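Below are the chains, spelled out letter by letter.
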Amino acid sequence: MSETKPLTTGQAARYCHVSQATIINWIKKGKLKAYATPGGHYRILLSDFLSFMETYRMPVDSTLRPSSRPRVLIVSDNPNGTGMVLAQTLQGSGRFDVAWAGNAYEAGVQVARLEPDAVVLDMTGTTLDCLSLCRWLRASSEGQPIAVLAVGAPEDEETARAAGADAYLPGAAVADGLETKLGALLALE
């Protein structure tokens, strides 16, 4: 979550596990610093929100903490196969903050919440409609586009690229080429 994109009262409420009305009450009582938009809606800077949570000893969601590492969302409904290899490879490198989505709905929620720098789509024998998800990512990404790396069978590369994947990695080469391919996509190399 960048400092330039403030939280809405609804987002703050979800992080604090309270109602939106409670957040507005805290703002009005001066407990939580916020500013009002011309339309009268409150916005909360991330630094002010983190300060508030620390002051009141509330647990801070790890997704709110600034990180210099790129955020990568793995979308796979195969946690015991290729999906697990993807996660272990990226987490083991220590170069990426990794999140997981097991279906298209979760992926949409995670994209909105985490604002990942890259999405890795596992197309290896899954029931996920990765091509539709890839097209959705291309159509819905505002500002900085999200890099999409598809992983699957060699014969699926052309279809994945036509759907909008920036790069493709054959499933058999995941352990060897994932970190390098993702690093190149995110200009980390």
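What this report covers is the structure whose coordinates are included nearby. (Residues numbered from 1 in each chain as written. Predicted model: local features only at pLDDT ≥ 70, side-chain atom pairs only at ≥ 80, totals over all residues. Heavy atoms only, no water.)

## Some thoughts on the pairing of strand β6 (residues 118-122)
Working note: regular strand, side chains alternate between the two faces of the sheet. When you tally the buried positions in β6, you get five out of five residues, the bulk of the element. Of the two faces of β6, the one lined by A118, V120 and D122 and the one lined by V119 and L121 are each fully buried. Pairing of β6 with strand β7 (residues 147-152) involves five bridges; the strand directions are parallel. Bridged to D122 within β7 is V151. (Buried < 20%, exposed > 50% of the residue type's maximum accessible area, 1.4 Å probe, protein only. Helix = DSSP H or I, 4+ residues; strand = E, 2+ residues; numbered from the N terminus. Pairing = 2+ DSSP bridges.)

## Things to note about the nonpolar core
Ranked by internal contacts, the top residues of the largest apolar core, which has 22 residues, are L73, V75, V119 and L121. When residues of this core are traced back to their parent elements, those giving at least two are β4 (71-75), β5 (97-101), α5 (104-114), β6, α6 (130-140) and β7. Considering each element in turn, this core owes the most residues, four residues, to α6. Beyond its immediate sequence surroundings of up to four residues, L73 is in contact with A99, W100, A101, A107, Q110, V111, P116, A118, V119 and V120. (Core = buried A, V, L, I, M, F, W, Y, C linked by side-chain atoms within 4.5 Å. Contact = heavy atoms within 4.5 Å.)

## Points about the sheet that holds strand β8 (residues 167-170)
Here we have five strands laid out as an open sheet, ordered β5-β4-β6-β7-β8, and parallel in their pairing. Of all strands in the sheet, those bounded by a partner on one side alone are β5 and β8. Neighbouring strand axes in the sheet, compared pairwise and without regard to direction, differ in orientation by 20° on average. Its contacts with the sheet place α5 against β4, β5 and β6, and it is angled at close to 150° to β5. Seen against the sheet, α6 touches β4, β6 and β7 and runs at an angle of roughly 165° to β6. (Axes fitted to C-alpha atoms, helices over the stretch in contact; angles between N-to-C directions.)

Any functional reading would require information that these geometric values do not contain.
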